[in-house]
Amino acid sequence: MQEKYIPQVVEAKWQQRWETEKSFKADEASEKKKFYLLEMFPYPSGKIHMGHVRNYSIGDVVARFKRMRGFNVLHPMGWDAFGMPAENAAIQNNCHPAAWTYENMAYMRGQLKRMGFSYDWDRELATCDVEYYRWEQQIFLQMYERGLAYKKTSFVNWCPTCETVLANEQVEDGGCWRCDSDVKQKELDQWFFRITDYAEELLDWTNHLPGWPERVMTMQRNWIGKSFGCEITFPLEGEEEGITVFTTRQDTLYGATFMSLAPEHPLAERITTPERREAVTAFVEKIARTDRVRRTAEEFEKEGVWTGAFCTNPLTGCRMPVYLANFVLMEYGTGAVMAVPAHDQRDFEFAGKYDIPIRVVIQPDGEILDPTTMTEAFTEVGTMVNSDRFNGMRSDAAKESLADHLAGEGVGKKTVNFRLRDWGISRQRYWGNPIPIIYCDICGAVPVPLADLPVTLPRDVTFTGEGGSPLAQLDSFVTVPCPVCGLSSRRETDTMDTFVQSSWYFLRYCCPDFTDGPLDKKRTGYWMSVDQYIGGIEHAVLHLLYARFFTKVLRDLGYVTVDEPFLNLLTQGMVIKDGAKMSKSKGNVVDPNGLVERYGADTARLFSLFAAPPEKDLDWSDQGVEGSYRFINRVWKLVFETLPFTTKAPALDPEKLTAEGKGLRRLLHKTIRRVTDDVEGRFHFNTAIAAIMEMVNGLNAFEAKNDPRNGAVLREAMSSLVIMLAPFIPHAAEELWEGLGETVSLSQVSWPSWDAEVAADEELTVVVQVNGKLRDRITVSATATEEEIRSMALAAERVLALLEGKSVRKVIVVPGKLVNIVVG
RNA sequence: GCGGGAGUGGUGGAAUGGCAGACACGCUUGGCUUAGGACCAAGUGGGGUGACCCGUGCAGGUUCAAGUCCUGUCUCCCGCACCA
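Residue positions are given per chain, counting from 1 as you read along its sequence in written order. Here the convention is simple: chains get letters from A, ligands get numbers from 1, in the order in which they are written. Local features in this predicted model are restricted to residues whose pLDDT is 70 or higher, and side-chain atom pairs enter the listing and the counts only when it is 80 or higher, whereas totals over whole chains, interfaces and linings include all residues. Only heavy atoms go into the side-chain values, all of them from the structure, while hydrogens and water stay out.

### Focus: the overall build of chain A
Strands are runs of DSSP state E lasting at least 2 residues, helices are runs of H or I lasting at least 4, and numbering of each runs from the N terminus. Helices and strands together make up the secondary structure of chain A, namely 28 helices and 33 strands. Evaluated residue by residue, chain A yields a buried proportion of 55% over its 824 residues. Residue contacts follow a heavy-atom distance rule, with two residues in contact if any of their heavy atoms lie within 4.5 Å. The contacts of chain A with a sequence gap of at least 6 include a subset with a gap of at least 24, amounting to 73%. Where accessible areas are quoted, they stem from the Shrake-Rupley method and a 1.4 Å probe; at the residue level, only the protein chains shown are allowed to cover. When the accessible surface of chain A is totalled, it reaches about 36100 Å², and 49% of it is carbon and sulfur. Just so you know, the count uses Lys and Arg for positive and Asp and Glu for negative, and it drops His and the chain ends. The atom standing in for a charge is NZ when the residue is Lys, CZ when it is Arg, CG when it is Asp and CD when it is Glu. Distance between charge centres in chain A, computed from 93 positive and 115 negative side chains, equals 4 Å. The cut-offs for exposure are 20% and 50% of the maximum accessible area for each residue type, with area from a 1.4 Å probe on protein chains only; residues under the lower value are buried, those over the upper are exposed, and the others partly exposed.

### A short note on the domain arrangement of chain A
Partitioning chain A into structural domains gives domain 1 (32–127 + 198–221 + 502–572), domain 2 (136–194 + 422–498), domain 3 (226–418), domain 4 (621–759) and domain 5 (763–823). Put simply, the middle of domain 2 and the middle of domain 5, counted by C-alpha atoms, are 76 Å apart. Residue ranges labeled as domains rest on an automatic or database domain assignment.

### Some details on a negative patch on the surface
Only residues whose relative accessible area exceeds 30% and that take part in no salt bridge are eligible for patches, with like-charged residues grouped when within 9 Å of each other and nonpolar side chains (Val, Leu, Ile, Met, Phe, Trp, Tyr) grouped when within 5 Å. Within this document, salt bridges are pairs made up of a side-chain nitrogen of Lys or Arg and a carboxyl oxygen of Asp or Glu, the two lying within 4 Å of each other. A surface patch of like charges, here negative, comprises Glu-172, Asp-173, Asp-180 and Asp-182. Position of Asp-180 among the secondary structure elements: in the loop between β6 (175–176) and β7 (184–193). The exposure class assigned to Asp-180 is exposed, which follows from its relative accessible area of 59%.

### Let's talk about the protein's contact with RNA strand B
In the vicinity of RNA strand B lie 52 residues, with Thr-247, Thr-248, Lys-302, Arg-630 and Arg-777 positioned nearest. Any residue with a heavy atom lying within 4 Å of a molecule or strand is counted as near it. Take the atoms of RNA strand B that sit within 4 Å of the protein: sugar and phosphate atoms are 64% of them. Polar contacts, as used here, are pairs of N or O atoms within 3.5 Å; protein pairs need one atom able to donate a hydrogen and one able to accept it. Residues neighboring in sequence count only if both atoms are side-chain atoms. Take Thr-247: an N or O atom from its side chain is 2.6 Å from a sugar or linking oxygen of RNA strand B. Of all the secondary-structure elements, those providing two or more residues to the surface near RNA strand B are α7 (214–224), β9 (243–247), α21 (622–646), α23 (685–700), β30 (763–770), β31 (773–781), β32 (808–814) and β33 (818–823). With six residues, α23 is the largest single contributor of residues to the surface near RNA strand B. Broken down by class, the residue content of the surface near RNA strand B amounts to 19 nonpolar, 12 polar and 21 charged. Any residue outside Ala, Val, Leu, Ile, Met, Phe, Trp, Tyr, Cys, Pro, Asp, Glu, Lys and Arg is labelled polar, Gly included; the first ten of those are nonpolar and the last four are charged.

### A word on the sheet that holds strand β27 (residues 575–577)
When DSSP finds at least two bridges between two strands, those strands are taken to pair. The sheet built from three strands is open, its strands ordered β28-β27-β29 with mixed pairing. The open sheet is flanked by β28 (580–581) and β29 (618–619), the only strands paired with a single partner. Strand direction decides the pairing type here: β27 and β29, joined by two bridges, are parallel. For Val-575, the partnering residue across the bridge sits in β29 and is Leu-618.

### As for helix α18 (residues 543–556)
Taking 1.5 Å of rise per residue, 14 residues should cover 20 Å, and α18 covers 20 Å from first to last C-alpha, within 8% of that figure. Of all the 14 residues making up α18, 13 are buried; the element is thus mostly covered by neighbouring parts of the structure. Taken from the residues just after α18, Gly-558 is the one with a positive phi, measuring 90 degrees. By definition here, a helix of n residues has an expected span of 1.5 Å times n minus one.

### Focus on the packing of helix α3 (residues 84–93) against helix α4 (residues 97–115)
Across the interface, α3 lies against α4 with an axial gap of 8 Å and an inter-helix angle of 120 degrees. Taken as a pair, α3 and α4 cross one another with a handedness that is right-handed. Along the contact surface, α3 presents Pro-85, Ala-86, Glu-87, Ala-89 and Ala-90, while α4 presents Pro-97, Trp-100 and Thr-101. Residues of the contact of α3 with α4, tallied by class, amount to six nonpolar, one polar and one charged. To obtain an axis, a line is fitted to C-alpha atoms, over the contacting stretch when the element is a helix, and the angle between two such axes runs from 0 to 180 degrees between their N-to-C directions. Each crossing gets its hand from how the near helix is turned against the far one by less than a right angle, where anticlockwise is left-handed and clockwise is right-handed.

### Quick notes on the side chain of Asn-72
Here Asn-72 shows up in strand β2 (residues 71–74). A polar side-chain atom of Asn-72 sits 2.8 Å from the main-chain carbonyl oxygen of Asp-27. Apart from residues no more than four positions distant in its own chain, Asn-72 is found in contact with Asp-27, Ser-30, Lys-32, Lys-33, Lys-34, Phe-35, Tyr-526 and Trp-527.

### Side note on the sheet that holds β33
The strands making up a sheet are joined through hydrogen bonds of the backbone, oriented either antiparallel or parallel. Taking strand neighbours across the sheet as the criterion, the four strands line up as β31-β30-β33-β32 in an open arrangement whose pairing is mixed. At either end of the open sheet lies a strand with only one pairing partner, and these are β31 and β32. Neighbour to neighbour, the strand axes of the sheet diverge by 20 degrees on average, direction disregarded.

### Quick word on the environment of Asn-222
Structurally, Asn-222 can be placed in helix α7. With relative accessibility at 51%, the residue Asn-222 sits in the exposed group. Between the C-alpha atoms of Asn-222 and Glu-28, which are 194 residues apart in sequence, the distance is 39 Å.

### Description of empty space enclosed by the protein
Here a cavity denotes grid points, spaced 1 Å and computed from the protein atoms alone, that fit a 1.4 Å probe unable to get out, and a pocket denotes an open set having protein on both sides within 12 Å along at least 5 of 7 lines; residues with an atom within 4 Å of a point are the lining. Grid points are joined across faces, edges and corners, and a volume is the space filled by probe spheres set on the points. Overall, the coordinates contain two cavities of 30 Å³ or more when judged by the stated rule. A volume near 200 Å³ is recorded for the largest cavity. Along its surface, the largest cavity is lined by 19 residues, and Met-84, Arg-178, Arg-427, Asp-497 and Thr-498 are the ones closest to its centre. The element contributing the most residues to the lining of the largest cavity is strand β4 (residues 164–166), with three residues. Looking at the lining of the largest cavity residue by residue, the classes come out as eight nonpolar, six polar and five charged.

### Quick word on the packing of helix α22 (residues 659–682) against α23
Direction vectors running N to C along α22 and α23 enclose 170 degrees, while the axes themselves pass 8 Å from each other. Classified by the angle their axes make, α22 and α23 are roughly antiparallel. Where α22 approaches α23, its residues Leu-664, Leu-667, Leu-668, Thr-671, Arg-674, Val-675, Asp-678, Val-679 and Arg-682 are matched on the opposing element by Phe-685, Thr-687, Ala-688, Ala-691, Ile-692, Glu-694, Met-695, Gly-698 and Leu-699. Of the residues in the contact of α22 with α23, the class split is 11 nonpolar, three polar and four charged. We call two directions roughly parallel when the angle between them is under 35 degrees, roughly antiparallel when it is over 145, roughly perpendicular when it lies between 65 and 115, and oblique otherwise.

### What about the state of the cysteines?
Cysteine sulfur atoms that come within 2.5 Å of each other are treated as a disulfide pair. Applying the stated criterion across every chain, the model contains zero disulfides. Left without a disulfide partner, Cys-95 is nearest to the cysteine sulfur of Cys-128, which lies 13 Å away. Overall, the relative accessible area of 24% leaves Cys-95 in the partly exposed class. Here Cys-318 is not cross-linked by a disulfide; its sulfur's nearest cysteine counterpart is in Cys-311, at 8.6 Å.

### Remarks on unusual backbone geometry
The amide bond that connects Leu-453 to the next residue, Pro-454, takes the cis arrangement and shows omega of 0 degrees. The residue after Met-528, namely Ser-529, is reached through a cis peptide bond having omega 5 degrees. Along the polypeptide, Ser-529 turns up in the loop between α17 (521–527) and β25 (532–536). Here the phi dihedral of Asn-386 falls at roughly 55 degrees; this positive angle occurs in a residue that is not glycine. For Asn-386, the location among the structural elements is in the loop between β15 (383–384) and α12 (395–409). For Asn-386, a relative accessible area of 42% corresponds to the partly exposed category. Phi at Asp-388 takes a positive value of approximately 55 degrees, unusual for a residue other than glycine. The topology assignment puts Asp-388 in the loop between β15 and α12.

### A short note on the pairing of β7
One ladder, built from 10 bridges, connects strand β3 (residues 149–159) with β7; its direction is antiparallel. What sits directly across from Ala-149, in β7, is Phe-193. Two elements, β7 and strand β17 (residues 423–424), share two bridges in a ladder whose sense is antiparallel. Bridging across to β17, Phe-192 finds its partner in Gly-424.

Okay, here's the thing in structure tokens:
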């Protein structure tokens, strides 16, 4: 090794060594226990950013650590390569999305290699490769066969900027998750995945994933939104069919005085009377023009229009006018709400505005509500009144009886409702996986036969940037014979949401070269589930919910045997600079390239691991980076300068240690224990690194370096130090390891173990408190009994002074830690 | 409104109910240097400046002992939200 640390030289050397020796290749034929470690794969946007550096540095520590702990580690990397930016770039720069994407992947692959992450590059995949997406088409067809993929006409979220449909999960605050444009509602014929079939199971399992952060589970539970209630049918005057509502408050049914329908409700048109038609049509049109963001804001004024129709309260026989109301959502429940003004705030406001009667059916404790003087709805639990046989019951307890009663009368039933909607996967874009369906005038929608797969995404398209998907303009793609009858038919030109590809890529990593189907059951069975998944919190209900769903579907299709894809999930925080997330618009971006050129990859890695625990946001600090760089230099210098003592050292004989040597060895074994616990148990790399820094400080302060009797213990310390640094700064560690005279790459070396006896102190400092306040310290032998410690504490000089004239009431002894003397 | 998380030095952050502030950044002083940088050494929560007091958003409580547990409260962040 060189005297001076030159990261660029060292890093290039070891990256090349790892590559030629295929040091991180994962093989299923191993005696070791498997460990599947995965970080969320990147979108090839052009170049990696600090978020990637952080995410992948965290992952690489775990990968390298687990290997050193004797696991057979699968640590793959690939590209989430379909998606809109490629298409936008094509329109702007007149280059093909494929060219743009593959160039970006090549560049970013180089950047990731330059960071020294220990991936098995032989398993690299890109979702835009036909060898990937062809299998997804097969999965789609199998889902279609089972009714899990289907097409329906509905109102969907439409982003006018991206000119495509978005899934509910991809609408954030009424805006597009990518470009933030206001999302409009548009009625379209679209493909869906029946994720609602799995709602119950997806929800159940949120209680059986202890390795997931609670808040992600909570977000998923909220998203699935299960609620218990009743479906109740209200007969419509002059119609065969009634109106069915979903309610969680069947206990307020006796107080229902009107009915509200969503403006888009299919019955709305039919039941409107001629004299109300004009008003109703005007209202419906007004709502259609109002964007969803505004309409769903809570402060938005409650408005409606009477249809002229009436329905009947099935229990009271009360005649209820049927309104259309702007706050009723077609996509939740049945799109119809029984309105109980006395006990629902929205209905209360609505009733006030349109002069509809208020009927109190639940009275609060110690108060009598009067409909004529109420200022707001009473929504809590109380005693039921005006409710026939249920009078006098507690409203919450009555829910069950009411449900039974409704079922008995044949007007309702108990039911559960989910907020979760089916996953809309159609995208009116080019750069995605074509949906393998053909439309024939005679045979209807016909799946592309398996033998005809893949439906290859054609290259020769033109990008105008307007007028929808370029695929639809390409006659050679669109026009095909119907697989059933042979007549000229049209291909589906929608492509799949890119979240479909990321819903199963982790399975394909297990067998990326498999050619007989989407997945090799044997290899997938060996590696799955992912033992540790690491990525950003922003995918809490997007990718992470879809991937769980897909895993269950693939299980039911017989491809995998696991119920859940990710056993443990680590959600890392954002990288912040100057109080804000790094972004071009804020001008606070730190480019990894510059960092690596100046300090090397090891420094970039070390800083992003040391500055904060992984799950917290990381505050970027240029000075902190300097500090990390200085630390590596200090270690380098320490190892280099002690080489004369360590390289010629004899084998360690624990019996023949000097006092200093023994102390140093104790420090080492304590450090090994701390670092192992911090890395293994809780991924607290910042404290693990701090422990190593403390040891380095201890080694620098070690005076007796040149005492030949300490050579062996010094060598043990240096070796272990370098091994422990390997997961964090692998290049520098390898070079130092070689400098110590070792010939086997650190990637093959085991993590050091610690000996509790060696780590144990011979003497301990015990804190002495009087009435809970620190007053003195005593030094006791590690073998001292509680009684001995107690009497020493009571005899301590400063304690004696404080005990003067007072009586000792109680003495608490915490062995090895503290004595608290209670006096009074 | 509901749910989740967090409030600790000048800064990032440490602390199985047991010495608050590990480790690092920054800063101060000194050394080295023509100088700067780098490096090395010492110091660094506040106040008194003796060996004492105060201090983990705020107010209570439990305990021999509370940053940590409990109750209330404030602030900030995140998610969901006219969800029937």
